[in-house]
Amino acid sequence: MSHELDPSFNRDARRSDLLLHPTESLTNGRPIDGAIELCVRLHEWCGVYLEPTKTYLIENRLRSLMDDLGIHDYKSLIEIASSGSGMPIRNRIIDALTTHETLFFRDSAPFEVIANHLVPGIREMSRFGSPRLSVWTAACSTGQESYSIAIQLLESVPDIKQWNLSILGTDVSSAIIERARTGVYFDHEVRRGLTPQRLQKYFVQESEDWRINDCVREMVHFEVQNINDSTQPQGPFDVIFCRNVLIYFSVDDARRILQKIAGRLASSGRLFLGSSEVPRNINDFLTMENIGGATCYRRKE
Ligand SMILES: C[S@@+](CC[C@H](N)C(=O)[O-])C[C@H]1O[C@@H](n2cnc3c(N)ncnc32)[C@H](O)[C@@H]1O
């Protein structure tokens with residue numbers, strides 16, 4: 001299998017690496033062969049490709065887990081994670097080694113495209129029945145992306161509660177999905193991407209945190225799901241977001257996953273990737289489009 005990475009496709013991964021503190025890192029001297037095996041296992045478990053030479057990144061992210069477990073080398077960590085009862089540890093490794101960076105209304109154009117272009121099209125096609133809109137936010141992290149779609153729909157589709165609507169958010173990390181389900185955010189999280197008006201309208205403050213209102217929370221359903229697995233939500237989906245995750249995958253893996261995701265799109269459905277993601281070798285199954293300033297993809301019939 002090739003681990004060739006498209007330099008532009010992996011740009012965000014490198015940028016996030018730079019946020020970590022290289023000075024703490026190189027001193028600890030854990031054996032590099034343990035790191036290589038760890039990266040191979042991470043790739044097997046969730047498809048994310050982490051360069052084993054990023055010693056400082058791996059150490060930084062695993063330090064508190066290893067301290068917690070009283071484990072001092074990667075080989076023992078891998079052994080425990082791979083044992084029959086090791087699934088919870090494996091999940092914590094995936095959780096620690098993947099990047100969960102997200103915000104409300106990230107790169108706002110796709111949300112406006114849903115409201116201004118896709119919803120009117122669906123309404124037009126369902127003149128004689130109740131309109132149906134099925135959305136999947138794959139790799140949704142702590143849920144800001146999924147809830148932003150719900151808020152956008154509440155604001156731009158006055159009769160949305162009469163629609164046959166489903167918004168599914170999935171992520172490989174069970175801890176992250178648990179957070180998404182609670183809909184409770186730290187102050188600095190709601191300050192990213194939400195206007196003060198939206199914050200006041202859709203959240204209630206609970207001491208230092210903010211809880212999303214039930215009317216928004218009930219519109220979204222979250223599940224733990226690995227986009228690298230053969231089983232995927234069935235669809236068909238009118239809208240799929242799979243943003244800022246495939247940058248951490250190899251070109252071959254990203255293509256394979258996109259091909260599976262394309263199979264879950266409705267014939268008139270649209271797929272949105274991250275704004276800086278330029279996938280390669282997908283022209284045989286996806287067609288690129290520009291709608292209202294946003295790039296999106298349709299399934300080729
Ligand atoms: C950088 S966040 C992107 C969140 C959101 N899509 C956005 O654009 O703001 C990447 C998310 O992908 C998730 N992830 C990584 N590998 C995954 C996999 N194999 N299946 C599902 N989710 C995965 C991580 O847990 C993380 O929450």
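Nothing here was measured: the structure is a model prediction, and the numbers come from that model. Residues take numbers from 1 onward in each chain, read along the sequence in its written order. Selection of residues for local features in this predicted model requires a pLDDT of at least 70, selection of side-chain atom pairs for listing and counting requires 80 or more, and totals for whole chains, interfaces and linings are taken over all residues. Hydrogens and water are ignored here; the side-chain numbers use all heavy atoms of the structure.

In this section: the overall build of the protein. Counting its secondary structure elements, the protein contains 12 helices and 10 strands. Only protein chains enter the calculation, and the probe is 1.4 Å; a residue is then buried if its accessible area is under 20% of its type maximum, exposed if over 50%, and partly exposed in between. The buried share of the protein, reckoned over its 301 residues, is 51%. Intrachain contacts of the protein at a sequence separation of at least 6 include 74% that bridge at least 24 residues. With residues, only the protein chains shown are counted as cover, and all accessible areas are computed by Shrake-Rupley using a 1.4 Å probe. Carbon and sulfur atoms provide 51% of the accessible area of the protein, an area that totals close to 14100 Å². Where helices and strands are cited, they refer to DSSP runs of H or I of at least four residues and of E of at least two residues respectively, numbered from the N terminus. Whether two residues are in contact is decided by their heavy atoms, any of which lying within 4.5 Å being enough.

Taken together, the buried positions of helix H4 (residues 74-82) are Tyr74, Leu77, Ile78 and Ala81. All buried residues of H4 project into a common sector of 95° when viewed along the axis, lining one side. We call two N or O atoms a polar contact when they sit within 3.5 Å, provided that within protein one can donate a hydrogen and the other can accept it, with sequence-adjacent residues counted only if both atoms are side-chain atoms. Sitting at the head of H4, aspartate 73 places a side-chain oxygen 3.3 Å from the backbone nitrogen of lysine 75. Here the arc refers to the directions that run from the helix axis out to each C-beta atom.

Two rings from Phe, Tyr or Trp (for Trp, the six-membered ring) form a pair when their centres are within 6.5 Å of each other. A pair whose planes differ by under 30 degrees is stacked, one over 60 is edge-to-face, and the rest are tilted. Per the counting criterion, the structure on display carries 9 aromatic pairs. With centroids separated by 5.2 Å and ring planes inclined at 75°, the aromatic side chains of phenylalanine 104 and tyrosine 185 adopt a geometry described as edge-to-face. Remark: tyrosine 185 occurs in strand E3 (residues 184-186) and phenylalanine 104 occurs in the loop between helix H5 (87-97) and helix H6 (109-125); sequence separation between them is 81 residues. As far as burial versus exposure is concerned, phenylalanine 104 and tyrosine 185 are alike and both buried. A network of ring pairs unites the aromatic residues Phe104, Tyr147, Tyr185, Phe203 and Phe222 as a single cluster. By definition, being over a ring means that NZ of Lys or CZ of Arg is both within 6 Å of the ring centre and within 35 degrees of the ring normal. The side chain of arginine 198 reaches across the aromatic face of phenylalanine 105, ending 4.0 Å from its centre.

By convention in this text, a residue qualifies as near a molecule or strand provided that one of its non-hydrogen atoms is within 4 Å of it. What surrounds the ligand is a group of 20 residues, the closest being Cys46, Thr102, Arg106, Asp171 and Asn244. Here aspartate 171 contributes a side-chain N or O atom positioned 2.6 Å from an oxygen atom of the ligand. Of the residues contributing to the shell around the ligand, the split by class is 7 nonpolar, 8 polar and 5 charged. Following the grouping adopted for this structure description, the nonpolar residues are Ala, Val, Leu, Ile, Met, Phe, Trp, Tyr, Cys and Pro, the charged ones are Asp, Glu, Lys and Arg, and the polar ones are all others, Gly among them.

Moving on, we get to the confidence of the model for the protein. Averaged over all residues, the pLDDT of the protein is 88; the fraction at 70 or higher stands at 89%. Across residues 1-31 the pLDDT falls below 50, and counting only partners more than four positions away or on other chains, this stretch makes 59 contacts in the model. pLDDT is a residue-level measure of predictor confidence that goes from 0 to 100.

All right, on to the pattern of salt bridges then. Salt bridge, as used here, is a side-chain nitrogen of Lys or Arg placed within 4 Å of a carboxyl oxygen of Asp or Glu. Tallied over the full model, the rule gives 19 salt bridges. A salt bridge links lysine 54 to glutamate 51; its shortest N-O distance comes to 3.9 Å. Given a relative accessible area of 17%, lysine 54 falls into the buried group. The class for glutamate 51 is partly exposed, based on a relative accessible area of 30%. The partner of arginine 191 in a salt bridge is aspartate 187, and the shortest N-O contact between them spans 3.1 Å. The exposure class assigned to arginine 191 is exposed, which follows from its relative accessible area of 52%. The exposure class assigned to aspartate 187 is partly exposed, which follows from its relative accessible area of 30%.

Buried residues of nine kinds, namely Ala, Val, Leu, Ile, Met, Phe, Trp, Tyr and Cys, make up a nonpolar core once their side-chain atoms join them within 4.5 Å. Counting residues in each nonpolar core, the largest one holds 48 residues, and the members touching the most others are Leu62, Ile93 and Leu271. For this core, the elements supplying multiple residues, two or more each, are helix H2 (32-46), helix H3 (55-69), H4, H5, strand E1 (132-138), strand E7 (237-241), helix H12 (251-262) and strand E8 (265-272). Boundaries of every domain are those given by an automatic assignment or by a domain database. A domain-level breakdown of this core finds at least three residues from each of domain 1 (11-97) and domain 2 (109-299). For isoleucine 93, the contacting residues outside a window of four places in its chain are Leu38, Trp45, Leu62, Leu65, Leu77 and Ala81. Ala150, Tyr202, Phe272 and Ala294 belong to the second-largest nonpolar core, a separate cluster that totals 40 residues.

This part covers the pairing of strand E9 (residues 286-291). For two strands to count as paired, DSSP must find a minimum of two bridges between them. Strand direction decides the pairing type here: E9 and strand E10 (residues 294-299), joined by 6 bridges, are antiparallel. In the strand pairing of E10, glutamate 289 is matched with cysteine 296. What sits between E9 and E10 in their antiparallel hairpin is a turn of 2 residues, with glycine 292 showing a positive phi close to 50°.

Let us now look at the packing of H3 against H5. Here the axes come from fitting lines to C-alpha atoms, over the contacting stretch only for helices, and the angles between their N-to-C directions go from 0 to 180 degrees. At a minimum axis distance of 9 Å, the contact between H3 and H5 shows a crossing angle of 150°. On the basis of their axis angle, the class for H3 and H5 is roughly antiparallel. The element H3 and its partner H5 pack so that their crossing is right-handed. For the pair H3 and H5, the contacting residues are Ile58, Arg61, Leu62, Leu65, Asp68 and Leu69 in the first and Ile89, Arg92, Ile93, Ala96 and Leu97 in the second. Here the contact of H3 with H5 is composed, by residue class, of 8 nonpolar, no polar and 3 charged. An angle below 35 degrees is read as roughly parallel, one above 145 as roughly antiparallel, one from 65 to 115 as roughly perpendicular, and any other as oblique. In a left-handed crossing the near helix is turned counterclockwise from the far helix by less than a right angle, and in a right-handed crossing that turn is clockwise.

Take helix H7 (residues 144-156) next. By this rule the span expected of a helix is its residue count minus one, scaled by 1.5 Å. With 13 residues, H7 ought to run about 18 Å at 1.5 Å a step, and its terminal C-alpha atoms sit 18 Å apart, in line with that. The buried fraction of H7 amounts to 10 of the 13 residues, a majority that puts the element mostly inside the structure. Of all the positions in H7, only Gln144, Glu145, Ser146, Tyr147, Ser148, Ile149, Ala150, Ile151, Gln152 and Leu153 are classed as buried.

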